[in-house]
Structure formats: C-alpha cells, structure tokens
Amino acid sequence: MNKEFFKTKWLKRLDRYIIVKFLGTYFFAIALIISIAVVFDVNENIDHFINNKAPLKAIVFDYYLNFIPYYTNLFSPLFVFIAVIFFTSKLAENSEIIAMFSTGMSFKRMMFPYMVSAAIISVVTYVLGTEIIPTGSVTRLQFEKVYKNKKSADYVRNIQLEVDSGVIAYMERYEDYNKTGYRFSLDKFEDHKLVSHLTARRITYDTLTYHKWIVKDYMIREMKGMREYITKGDRLDTIINMEPQDFLITRGQQETMTSRQLSEYISKQKQRGFANIKAFEVEYHRRIAMSFAAFILTAIGVSLSSRKVKGGMGLHLGIGLGLSFSYILFQTISSTFALNGNMSPALAVWIPNILYLFIAIYLYRKAPK
C-alpha cells in the first residue's frame, strides 16, 4: 500500500518536473531569440527613429512593448519545438528517459506532462492572439506609420457594397485624406426591380456624425410604374449605412481586431457583398490553428528527441529547427494561396496542421516504447 502511494506520488512529482522544465526552457528560448530580434530591429530602424524624432518613451512603450508579444506569438511554434527538443534530448542523453521506462512508465504516460504544458502554451497563445495583441497592435502600427515612414492605404478604387437590403452603393474612387468619394451611385431595388437611381460627382463623409454623407452635384431618378421622375441638386445631406473603414482596408488592419470583432466584421462584409476580406478570414482562422499547433509540434518534438542517439542533442536540434522553420514557411505559403488564389482561408490555414499531424502520428509510432 505504501509502495503504491509513493510510486503515485513520485509520478506526480515527475509530471511537475517535466512541466516546469519544459515551460522554463520555452520562456528562456523566447527571451533569447526575441532579445536578438529586438537588437536587429533597433539596428535597422535607428535612423528612422532619429530622423523622425521619435520620443524614447514612445519607442519603448508604444513600439517595443507591443513588438515583443506580437513576434513572440507569431513564432510560438519555433519556441515550442526548441524547448521540447532541447529539454527532451537532455533527458535522453542523461538516460533519464530510460530510467522512467524502467519503472514501468509507458511512452504514452510520459507524454502527459508534455501535453499539459502544450495546453498551457496553447491557452496563453490564444488569449494573447485574440484579445491582448490586437489592442497593442493599434498602438504599434500607429507608431510605425508616424516614425518608421510606413505609409498606409489612403485611397481605394471601384467600391461596391450592399449598404441596406436591396440598396447597392458604388464609388469609382475614394480618397481618405479628404474623406471624399468620386462618381458615386446608389441603386435601390424592390422585388428585383430598380426603383431609384442616384448619381453624384462627389460624396463626402461627415466625421462628426455617424453614417452621414454629403452628396454633391447629384441627380435622382425614381421609377414609379411607367413614369420616371428626375430630381437634381447641388447638395444633399443623407444617412447611408456605410463608413470609410468598411471598404478602406489599411495595412495590418486585421491584426488590430479581436477575434470577436473579426468574426462580426467578416459576417457584415459578406452580407454586403464586399469581396476583399480574405486577409481577415486568414487571420481569424490562423489564431485558432496556431493554438492547436502547440500540441502537434510538442508530440513531434518528444517523439523525435526521446531516443538516445549517437549524434546527441545537436542532431535532434538540427532536425527540430528544420521542421519548425518548414512549418512556419508552409503556413506562410498556404496563406498566400488563400489571399491570392481561390483556396478557402480556413483550409489554407489548417493544411500545415493536418500535414504535421500525420508526421506526429508517424514519429509517435516509431518512438521508443
């Protein structure tokens, strides 16, 4: 009875040992690599900061304080791989894994604390990516726009969207610096028949009033039965259910939205028939896929590095780094196919996870039991 008690207690202590070591190595890898990234970024952008007279406080708190969590989350798969392979290879090299198996522990049981650690990383990654980082990205991107000379989109062409049920708006060109659209039309349909057609040379957004647009040099054609009525004027104040942000997509705009805001925005734009939302769909699905990646990459890392081999840690680390970089590269390529091709954004984002899941299953079966 006492023997079983101590055996169970020892296993629990071992779980805590693996979890602490895994997470400790993970955060150490983050600190090391992100520190190097910050040094390179400072070296690359120091001229911009000096020439644009960026305040030190803004550089530290507005830029780098938001730079660090953004890139930490972006390269989380790399950090997971490094942590798992480094720590597990060390256990294998010191024959600690052999000692675990000699007590009757199965490989599946040894994976338990690793999966707990992966769950912690997954939750942290998801919360950061969906709630905290988007808020910080607003400040970071604004800093880049002002002090790094990164221009954002200030105009858009050929805008067409449904602003209300059966009401279609069109603008040939919209310029954000003066909030003005050119060659505007507004068509209203009832029972698939055109009942009203408004055209205007210019339309200006009133920033002081929600959804208020000032229509200039307009003409309205109303069809009532067999008759047509024409109204002309120089100015018309009207409420149209659209805002510049609905069609003027700025660089990195999807990164500034929480997942709930992304979901609402995607749904709203789809209803309006606005097609240029693939970047938002990719970002929405990528956040979920990145969280699940922690489990897959942890399984690959443990299965790969739990065997004691002649090459030692260096061989495992080299293979692990190759796999982790290939995962990030593959994810980038598949996302590009979604943005520039006809591939579904959800499928494009999940393809790397599906492929690496099969790799994880294969390596798990080949791992020492």
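Everything that follows concerns the structure shown earlier in this document.
Residues numbered from 1 in each chain as written. Predicted model: local features only at pLDDT ≥ 70, side-chain atom pairs only at ≥ 80, totals over all residues. Heavy atoms only, no water.

Draft legend 1. Local environment of the overall build of the protein. Within the protein one finds nine helices and six strands. In summary, the protein has a C-alpha radius of gyration of 28 Å against a globular reference of 21 Å for 369 residues, an excess of more than 25%. Taken along the three principal axes of its C-alpha coordinates, the protein extends 95 × 55 × 35 Å. Put simply, the protein has 369 residues, and 44% of those count as buried. For the protein, restricting intrachain contacts to residue pairs at least 6 apart in sequence, the fraction spanning at least 24 positions comes to 62%. Approximately 20,700 Å² of the protein is accessible, and the part contributed by carbon and sulfur atoms is 60%. Positive and negative charge centroids in the protein, built from 46 and 31 side chains respectively, lie 11 Å apart. (Helix = DSSP H or I, 4+ residues; strand = E, 2+ residues; numbered from the N terminus. Rg over C-alpha atoms; globule rule 2.2 N^0.38 Å. Buried < 20%, exposed > 50% of the residue type's maximum accessible area, 1.4 Å probe, protein only. Contact = heavy atoms within 4.5 Å. Areas by Shrake-Rupley, 256 points an atom, 1.4 Å probe, with all protein chains shown as cover. Lys, Arg positive; Asp, Glu negative; His and termini not counted. Charge placed at Lys NZ, Arg CZ, Asp CG, Glu CD.)

Draft legend 2. Representation of helix H6 (residues 259-272) in the model. Look at H6: 20 Å from first C-alpha to last across 14 residues, which is about the 20 Å you get at 1.5 Å a residue. All of the buried residues along H6 are Ser259, Leu262, Tyr265, Ile266, Gln269 and Arg272. All buried residues of H6 lie within an arc of 150° about the axis, which places them on one face of the element. In H6, those exposed residues whose orientation departs by more than 90 degrees from the buried face are Arg260, Glu264 and Gln271. (Expected span 1.5 Å × (residues − 1). Arc of directions from axis to C-beta.)

Draft legend 3. Focus on the sheet that holds strand E6 (residues 227-239). Across the sheet, which stays open at both edges, the six strands sit in the order E1-E2-E3-E4-E5-E6 with antiparallel pairing between neighbours. Since the sheet does not close on itself, it has two edges, and those belong to strand E1 (155-164) and E6, each with one partner. Adjacent strand axes in the sheet meet at a mean angle of 15°, parallel and antiparallel pairs treated alike. For strand E4 (residues 193-205) and strand E5 (residues 212-224), the ladder comprises nine bridges, and the chain directions are antiparallel. Bridge pairing in E5 links His197 to Arg221. (Pairing = 2+ DSSP bridges. Axes fitted to C-alpha atoms, helices over the stretch in contact; angles between N-to-C directions.)

Draft legend 4. Expanded view of unusual backbone geometry. The residue Lys53 is not glycine, and still its phi comes out positive at about 55°. Relative to the helices and strands, Lys53 resides in the loop between helix H1 (2-51) and helix H2 (56-74). For Arg183, which is not glycine, the phi torsion reads 55° and is therefore positive. Along the chain, Arg183 turns up in strand E3 (residues 180-190).

Draft legend 5. Here's a closer look at the packing of aromatic side chains. Taken as a whole, this structure holds 22 aromatic pairs when the rule is applied. Relative to Tyr114, the ring of Phe87 has its centre 6.3 Å away and its plane inclined at 45°; by these criteria the two rings are tilted. Of this pair, Phe87 sits in helix H3 (residues 76-93) while Tyr114 is found in helix H5 (residues 107-147), placing the two residues 27 residues apart along the sequence. There is no split in this pair, since Phe87 and Tyr114 are both buried. Among the aromatic residues, ring-to-ring pairing joins Phe49, Tyr63, Tyr64, Phe67, Tyr70, Tyr71, Phe75, Phe143 and Tyr147 into one connected group. A cation sits over an aromatic face here: Arg140 above Tyr70, 4.1 Å from the ring centre. A cation over a ring is seen here: Lys224 above Tyr229, with NZ or CZ 5.7 Å from the ring centre. (Phe/Tyr/Trp six-rings, centres within 6.5 Å; stacked < 30°, edge-to-face > 60°. Lys NZ or Arg CZ within 6 Å of the ring centre and 35° of its normal.)

Draft legend 6. Layout of the pattern of salt bridges. Inspection of every chain in the model, using the stated rule, returns twelve salt bridges. Across the salt bridge formed by Asp176 and Lys179, the nearest N and O atoms sit 2.9 Å from each other. Judged by its relative accessible area of 21%, Asp176 is partly exposed. Via salt bridges that share partners, Asp206, Lys212, Arg235 and Asp237 belong to a single interconnected network. (Salt bridge = Lys/Arg side-chain N within 4 Å of Asp/Glu carboxyl O.)

Draft legend 7. Summary view of the packing of H5 against helix H7 (residues 278-305). Between H5 and H7, the shortest axis-to-axis distance is 8 Å and the interhelical angle comes to 155°. The angle between H5 and H7 places the two elements in the roughly antiparallel class. Here the hand of the crossing between H5 and H7 comes out right-handed. Partitioned by chemical class, the residues of the contact of H5 with H7 number 16 nonpolar, seven polar and one charged. (Parallel < 35°, antiparallel > 145°, perpendicular 65-115°, else oblique. Left-handed = near helix turned anticlockwise from the far one by under 90°. Nonpolar A, V, L, I, M, F, W, Y, C, P; charged D, E, K, R; others polar.)

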